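Close look at the chain arrangement
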Amino acid sequence: MRLKNTFAKLSGVASGLLLSGLLALNGVEARLVADDNGTSVDVPEHISRIVVTNILPLADGSRIVGMHPASMSAAKSGLLGELHPEVLQADTHFIQGANLNLESLMALKPDLVLVNASDRRMLDRVRAAGLTAFGISAVKWHYDVEATYEGWMRSLKALFPDAKANSAAMEEKFRHY
């Protein structure tokens, strides 16, 4: 079992190095960021196209090009649609329930795919397709709302270091609701 775990870790490191090399060959600068599962994910330096699969949208609405239909329904009737009306233009056809259509997802050309961290199967499928998948957890902090919010903010700041100026403005908007 220990040998199997060591092999798995080495395979993960090798895959990360390979992806870094491929990104560098394609002229894309990348950096390592740990997702909520503790997995090191090679993310592009500049993320402009985001798809959100089976977790709530946690990114700048102008960057979201695809989201789950249930999240779209919530966005249409909630705060997200008010704060970022552009998110209402995101595509929802790539996923129905838990059924992910990889071809439709790939057609959206995402720089980053946000996936519920507990859905290891979906994370593996997205990564196997050659896309950058980042696990976001809703349960890692044992349903503590403040701890979850802080964890999500840490992840978002790591993913989007260029958005620090926007985060203060966004936090101010949230205080009014």
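Summary of the structure given here. Along each chain, residues carry numbers from 1 onward, in the same order as the chain's sequence is written. In keeping with the predicted nature of the model, local features appear solely for residues at pLDDT of at least 70, side-chain atom pairs appear and are counted solely at 80 or more, and the whole-chain, interface and lining totals rest on all residues. Side-chain numbers here rest on the full set of heavy atoms in the structure, without hydrogens or water.

Turning our attention to the pattern of salt bridges. For this analysis, a salt bridge means a side-chain nitrogen from Lys or Arg found within 4 Å of a carboxyl oxygen belonging to Asp or Glu. Scanning all chains against the criterion turns up 2 salt bridges. For Glu 45, the salt bridge is made with Arg 31, and the minimal N-O distance between the two is 3.4 Å. Residue Glu 45 is found in the loop between β2 (40-44) and β3 (50-52), and its partner Arg 31 is found in strand β1 (residues 30-34); the two are separated by 14 residues along the sequence. Here the term buried applies to any residue with accessible area under 20% of the maximum for its type, exposed to any over 50%, and partly exposed to those in between, with areas from a 1.4 Å probe on protein chains only. Under the relative-accessibility criterion, Glu 45 is labelled partly exposed at 26%. A salt bridge links Arg 127 to Asp 35; the nearest nitrogen and oxygen atoms lie 3.1 Å apart. Here Asp 35 lies in the loop between β1 and β2 and Arg 127 lies in helix α5 (residues 120-128), a separation of 92 residues in the sequence. For Arg 127, a relative accessible area of 29% puts it in the partly exposed group. Classification of Asp 35 as buried rests on a relative accessible area of 3%. To qualify as a helix, a DSSP run of H or I must reach at least 4 residues; to qualify as a strand, a run of E must reach at least 2; elements of each kind are numbered from the N terminus.

Residue placement: Asn 116 occurs in strand β7 (residues 112-116). Of the residues examined, Asn 116 reaches a relative accessible area of 19% and is grouped as buried. Pairs of N or O atoms within 3.5 Å make up the polar contacts considered here, provided that, within protein, one atom can donate a hydrogen while the other can accept it, and that residues adjacent in sequence are counted only when both atoms are side-chain atoms. Reaching out from Asn 116, the side chain makes a polar contact with the side chain of Ser 118 at a distance of 2.9 Å. Any two residues having at least one pair of non-hydrogen atoms within 4.5 Å are treated as being in contact. Setting aside chain neighbours within four positions, we find Asn 116 in contact with Thr 53, Asn 54, Ile 55, Leu 123 and Ile 136.

Turning next to the nonpolar core. Buried Ala, Val, Leu, Ile, Met, Phe, Trp, Tyr and Cys residues that are joined via side-chain atoms within 4.5 Å together make up what is termed a nonpolar core. Counting 26 residues, the largest nonpolar core has Ile 50, Ile 64, Leu 112, Leu 114, Phe 134, Leu 159 and Phe 160 as its most contacted members. Taken together, the elements giving at least two residues each to this core come down to β2, β3, β4 (64-67), α2 (69-77), β7, β8 (133-136) and α6 (145-159). Of the residues forming this core, the biggest block, 4 residues, is contributed by α6. Leaving out residues up to four positions away in the same chain, Ile 64 has contacts with Ile 50, Val 52, Pro 57, Ala 59, Val 87 and Ala 90. Val 65, Ile 95, Leu 100 and Leu 123 belong to the second largest nonpolar core, which has 15 residues in total.

This part takes up the pairing of β2. Along any regular strand, the residues point their side chains to alternate faces of the sheet. Of all 5 residues in β2, 4 are buried; the element is thus mostly enclosed. DSSP-based pairing: two strands are paired if at least 2 bridges between them are found. Bridge count between β1 and β2: 5 bridges; the pairing is antiparallel. The residue bridging Val 33 from the neighbouring strand is Val 41, located in β2. Taking the residues between adjacent antiparallel strands as the criterion, β1 and β2 are bridged by 5 residues, where Gly 38 takes a positive phi near 85°.

Of note, the phi angle at Lys 109 is positive, near 50°, even though the residue is not glycine. Of note, Lys 109 is situated in the loop between α4 (102-107) and β7. Residue Tyr 143 is not a glycine yet carries a positive backbone phi of 65°. Along the polypeptide, Tyr 143 turns up in the loop between β8 and α6.

Once that is clear, we can look at the environment of Leu 114. Relative to the helices and strands, Leu 114 resides in strand β7. On the accessibility criterion, Leu 114 (0% relative accessible area) is buried. Setting aside chain neighbours within four positions, we find Leu 114 in contact with Ile 50, Val 51, Val 52, Thr 53, Asn 54, Ile 55, Phe 134, Ile 136 and Leu 159.

Our focus in this paragraph is the sheet that holds β8. Ordered by their spatial adjacency, 4 strands build an open sheet running β4-β3-β7-β8, and the pairing between neighbours is parallel. Edge positions in the sheet fall to β4 and β8, since each has one partner strand and no second. Looking at each pair of strands side by side, their axes are set apart by 25° on average, direction ignored. Axis definition: a line fitted to C-alpha atoms, over the contacting stretch in the case of helices. Angles run 0 to 180 degrees between N-to-C directions. Contacts from α6 reach β7 and β8 within the one sheet, and its direction differs from that of β8 by about 160°.

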